[in-house]
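Below are the chains, spelled out letter by letter.
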Amino acid sequence: MAIASEFRAVFRCFHGCPGEYPLDDILYTCPMCGGLLEVYHDPAPLRRISADVWKQRFEARMARGPFPYFSGVWCHKEWVLPAVDDANIVSLGEGRNPLVPAPQLSRQFGVAQVWLKLCGNSATGSFKDLGMTVLVSQVNQMRANGTPIRAVACASTGDTSAALAAYCAAAGIPAVVLLPENKISAAQLLQPLAHGALTLALQTDFDGCMAVVKELTRRPEIYLANSMNSLRIEGQKTIAFEIAGQLGWQVPDWVAVPGGNLGNVSAIGKGFEMLHDLGLIDRLPRLICAQAERANPLYESYLRGFDAFEPKPAQPTLASAIQIGNPVSVHKAIRTLQRFNGAVEQASEEELAHAMAQADRAGLFVCPHTGVALAAVEKLARRGEIRPEDSVVVISTAHGLKFPETKQRYHSQELAGITPRLANQPISITASVDAVLQAVEERALMKK
Ligand SMILES: *Cc1c(COP(=O)(O)O)cnc(C)c1O
Ligand SMILES: [Zn+2]
């Protein structure tokens, strides 16, 4: 597409070392300091188009959506990956996620507005699709141009591997996924298997898988798909673009997101910063990163004013996708939270399970990680950090249907140490109208 060619994006060191590298380079960290890279967009050509024209352009694509604009990521192509050929884009229609008002949760939390951004309503059921379409499209283009990449690999707590496997299957590229054995849900294990990925269950935790995949992908023929690869961040930052667009180019007071490896909170921050720099929004929201108490290294650092960061082994948690003790994107996340006057809050197993059940009772069907974010919002609201007049967008990171075991164990009261205040069980009755009416009566009495 001719329109994209005037825009320029390159890798730069996140920590500020000099040097720029083409996005076609196989490079995940800065050759000078070893820190993470970020995709830098030359602002000059982006600024030549006014904020109003950008808004109209994005809205028109959202409304009409021919390929590749039927995707919420590729609607914003010039801001994401301008140099990819449309022919090389691998999309499963990611993004365009509903922003759903949750009035019952607003009342329960005592804040003016709570919305859920349902990023789990997507091809593989989590927000990981947003970043994976960008990364796999870039690999597809490099392979088309003759770069000898044999496979794409990732370590995963479940959702990254599902997304990688699906997008690689769509593109016809071999995928290799490294999973911590027995630490992910059955649905999450099934997804890469169904998509034909080489699926390896390692006898370690996520941090152990991450160490192996980093070493493995030092070979240029195996490309790294974890979020330390900054291409993923470019897709995930469109969460911010969509939220602003859905609110008529306004921002909420707060955006809350569960954090594990901490790529997503950095991505959402980057998205809002771009919107602000290019004049599409006139203020920034405050960000909340929510961690499980059992995997809370960022929370502990936050309590010390981010002075120091200490990785620590993560303990088993119902929020399995964020059971990470040594987050790769911690420095990006800390900088983001500092720029956004952000907060970090944690949730216990009991708190996250209750928040999940509460949201389900409001007609949503959220994953345990979204439960962590909801519990964090409730705690900050109770302490008055979130004020009664504030508006909050909670990022729902995966679909609840990916975690049926957790919900099943909650409702059958099998979660050790957790009192399931909202448990609901099937009632066995005889097949008669009278028995049904009696059950209805009893439920009505219970509600009084
Ligand atoms: C990956 C994931 C997270 C955490 O995102 P990070 O970028 O690793 O912080 C949260 N929730 C779900 C469902 C995930 O799959
Ligand atoms: Zn550097």
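As the structure is a prediction and not an experimental result, all values here were calculated from the model.

S.K.: Mind showing me how you'd approach the coordination of the zinc ion (ligand 2) here?
M.R.: Six octahedral donors around a metal ideally subtend angles of 90 or 180 degrees, whereas four tetrahedral donors ideally subtend 109.5 degrees. Surrounding the zinc ion (ligand 2) are the protein donor atoms Cys13 (SG), Cys17 (SG), Cys30 (SG) and Cys33 (SG), at 2.3 Å. Taken together, the four donor atoms surrounding the zinc ion (ligand 2) define angles of 108 to 112 degrees at the centre, an arrangement classified as tetrahedral.

S.K.: Mind showing me how you'd approach the nonpolar core here?
M.R.: Generally speaking, soluble globular proteins have nonpolar side chains that are buried together. Residues Trp79, Leu164 and Phe272 are the most contacted members of the largest nonpolar core, which totals 102 residues. Ala359, Val372, Leu374 and Val394 belong to the second-largest nonpolar core, a separate cluster that totals 40 residues.

S.K.: Help me understand the sheet that holds strand β5 (residues 113-118) in this model?
M.R.: Read across the sheet, six strands follow the order β4-β5-β13-β10-β11-β12 without closing on themselves; strand pairing throughout is mixed. Edge positions in the sheet fall to β4 (99-101) and β12 (343-347), since each has one partner strand and no second. Neighbouring strand axes in the sheet, compared pairwise and without regard to direction, differ in orientation by 25 degrees on average. Strand direction decides the pairing type here: β5 and strand β13 (residues 391-396), joined by six bridges, are parallel.

S.K.: What am I meant to see in unusual backbone geometry here?
M.R.: A negative phi holds for most residues other than glycine; trans holds for most peptide bonds. Omega for the peptide link from Phe67 to Pro68 comes to -5 degrees, which places this bond in the cis form. You will see that Leu262, though not glycine, has its phi angle at about 75 degrees, which is positive.

S.K.: Explain the sheet that holds strand β1 (residues 9-13) here, please?
M.R.: Strands belonging to one sheet form pairs held by backbone hydrogen bonds; the direction of such a pair is parallel or antiparallel. A sheet is described by the order of its strands in space; here three strands give the open sequence β2-β1-β3, paired in antiparallel fashion. One side of each edge strand has no neighbouring strand; the edge strands of this open sheet are β2 (20-21) and β3 (37-41).

S.K.: Even after reading the chapter, I still don't get the environment of Gln438, so can you show me in this structure?
M.R.: The topology assignment puts Gln438 in helix α17 (residues 433-447). Linking Gln438 and Gly120, residues 318 residues apart in sequence, is a C-alpha distance of 38 Å.

S.K.: So what exactly am I meant to see when it comes to the site of ligand 1 here?
M.R.: Near ligand 1 you find 14 residues, and of these Lys128, Asp159, Gly260, Leu262 and Asn264 are the closest. In the environment of ligand 1, an oxygen atom lies 2.7 Å from a nitrogen or oxygen atom belonging to the side chain of Lys128. Within the backbone of Gly260, one N or O atom sits 2.8 Å away from an oxygen atom of ligand 1. Contact with the protein chains removes 97% of the 380 Å² of surface that ligand 1 exposes when unbound. Among the detected pockets, ligand 1 sits in the largest cavity. A class-by-class count of the residues in the shell around ligand 1 yields five nonpolar, seven polar and two charged.

S.K.: Any chance you could explain the packing of aromatic side chains here in plain terms?
M.R.: Given two aromatic rings, one states the distance between the centres and the angle between the planes to describe the pair. For the structure shown, the criterion picks out eight aromatic pairs. Ring centres 5.6 Å apart and planes at 85 degrees place the aromatic pair Trp54 and Trp79 in the edge-to-face group. In this pair, Trp54 sits in helix α2 (residues 51-64) while Trp79 sits in helix α3 (residues 77-80), placing the two residues 25 residues apart along the sequence. Among the aromatic residues, those joined into a ring-pair cluster are Phe7, Trp54, Phe58, Trp79 and Phe241. Its guanidinium or amino end placed over the ring of Tyr69, Arg61 lies 4.1 Å from that ring's centre, counting from NZ or CZ. Cation over ring: Lys407 sits above Phe365, and NZ or CZ is 4.3 Å from the ring centre.

Conventions used here
- Residues numbered from 1 in each chain as written.
- Chains lettered and ligands numbered in written order.
- Predicted model: local features only at pLDDT ≥ 70, side-chain atom pairs only at ≥ 80, totals over all residues.
- Heavy atoms only, no water.
- Donors = N, O, S within 2.8 Å, 3.2 Å for Na, K, Ca; no water.
- Tetrahedral: all angles 85-135°; square planar, octahedral: opposite > 155°, others 65-115°.
- Core = buried A, V, L, I, M, F, W, Y, C linked by side-chain atoms within 4.5 Å.
- Buried < 20%, exposed > 50% of the residue type's maximum accessible area, 1.4 Å probe, protein only.
- Pairing = 2+ DSSP bridges.
- Helix = DSSP H or I, 4+ residues; strand = E, 2+ residues; numbered from the N terminus.
- Axes fitted to C-alpha atoms, helices over the stretch in contact; angles between N-to-C directions.
- Near = heavy atom within 4 Å.
- Polar contact = N/O pair within 3.5 Å; in protein donor to acceptor, adjacent residues only side chain to side chain.
- Areas by Shrake-Rupley, 256 points an atom, 1.4 Å probe, with all protein chains shown as cover.
- 1 Å grid on protein atoms, 1.4 Å probe; cavity = no way out; pocket = protein on both sides within 12 Å on 5 of 7 lines; lining within 4 Å.
- Sits in = over half its atoms within 2 Å of the grid points.
- Nonpolar A, V, L, I, M, F, W, Y, C, P; charged D, E, K, R; others polar.
- Phe/Tyr/Trp six-rings, centres within 6.5 Å; stacked < 30°, edge-to-face > 60°.
- Lys NZ or Arg CZ within 6 Å of the ring centre and 35° of its normal.

On their own, these measurements won't tell you what the molecule is for.
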